[in-house]
Amino acid sequence: MNQRLGRLLESFLGHVSHSRGQVLSLLSEHGVTADQGILLRHVREQPGEPLSSLAERMGLSLPSVSQMAERLVKLGYVTRREDPEDRRRKSLQVTPKASRFLTAFKKVRAEELALGSARLSEPTKQRLVSALEAALTELEGEPT
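A short tour of the structure in this document, coming up. This one's a predicted model, so the numbers in the text were calculated from it and none came from an experiment. (Residues numbered from 1 in each chain as written. Predicted model: local features only at pLDDT ≥ 70, side-chain atom pairs only at ≥ 80, totals over all residues. Heavy atoms only, no water.)

### What about the pattern of salt bridges?
Move 1: What the rule picks out here adds up to five salt bridges.
Move 2: Here arginine 41 and glutamate 45 are joined by a salt bridge, their closest N and O atoms 3.5 Å apart. Of the two residues, arginine 41 and glutamate 45 are both situated in helix 3 (residues 34-45); the distance of four residues between them amounts to about one turn of the helix.
Move 3: Classification of arginine 41 as partly exposed rests on a relative accessible area of 37%.
Move 4: What makes glutamate 45 partly exposed here is its relative accessible area of 44%.
Move 5: As a salt-bridge pair, lysine 107 and glutamate 111 come within 3.0 Å of each other at their nearest N and O atoms. Of this pair, lysine 107 and glutamate 111 both sit in helix 6 (residues 96-117), separated by four residues, roughly a single helical turn.
Move 6: Owing to a relative accessible area of 52%, lysine 107 belongs among the exposed residues under this scheme. (Salt bridge = Lys/Arg side-chain N within 4 Å of Asp/Glu carboxyl O. Helix = DSSP H or I, 4+ residues; strand = E, 2+ residues; numbered from the N terminus. Buried < 20%, exposed > 50% of the residue type's maximum accessible area, 1.4 Å probe, protein only.)

### A look at helix 6
Move 1: Between its terminal C-alpha atoms helix 6 stretches 32 Å, which fits the 32 Å expected from 22 residues at 1.5 Å a residue.
Move 2: Of the residues making up helix 6, those classed as buried are Ala98, Phe101, Leu102, Val108, Glu112, Gly116 and Ser117. The arc enclosing the buried residues of helix 6, seen along the axis, measures out at 165 degrees, which places them on a common side. More than 90 degrees from the buried face of helix 6, the exposed residues found are Pro96, Arg100, Thr103, Lys106 and Lys107.
Move 3: In this structure, the buried side of helix 6 is in contact with helix 1 (2-16), helix 2 (22-30), helix 3, strand 2 (86-94) and helix 7 (122-140). (Expected span 1.5 Å × (residues − 1). Arc of directions from axis to C-beta. Contact = heavy atoms within 4.5 Å.)

Here's what the structure looks like:
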């Protein structure tokens with residue numbers, strides 16, 4: 001069942017994502033890669049989380065996440081702090097610039113997905129909305 005769901009979600013997103021390339025343009029305009037955008041989202045959701053935990057959560061190596069973090073620091077999207085008890089441990093916090101970028105990213109992504117879903121019939125849209133609200137309630141506790 002999980003594999004079928006994964007295939008269906010991937011296929012659905014393939015039909016409704018990037019219909020006008022606005023998300024990709026926004027990433028390019030801000031000099032942020034998709035992986036860096038995901039890292040920013042994780043940092044915003046869990047400020048102060050150690051890089052090692054972020055790497056584990058993203059399924060990437062610590063050196064890879066460290067390189068992404070360094071790039072995001074240079075771009076002004078995050079600040080890096082050392083743990084006062086263990087200077088080897090570093091954590092990230094998003095800056096106001098990153099918050100603005102993430103807000104714009106979420107808006108543009110939602111607009112593209114809505115545009116890509118526009119061809120669906122109203123009854124199908126309503127069933128999809130209900131199913132997604134139920135899924136998000138289980139995953140997050142609250143639909144967004």
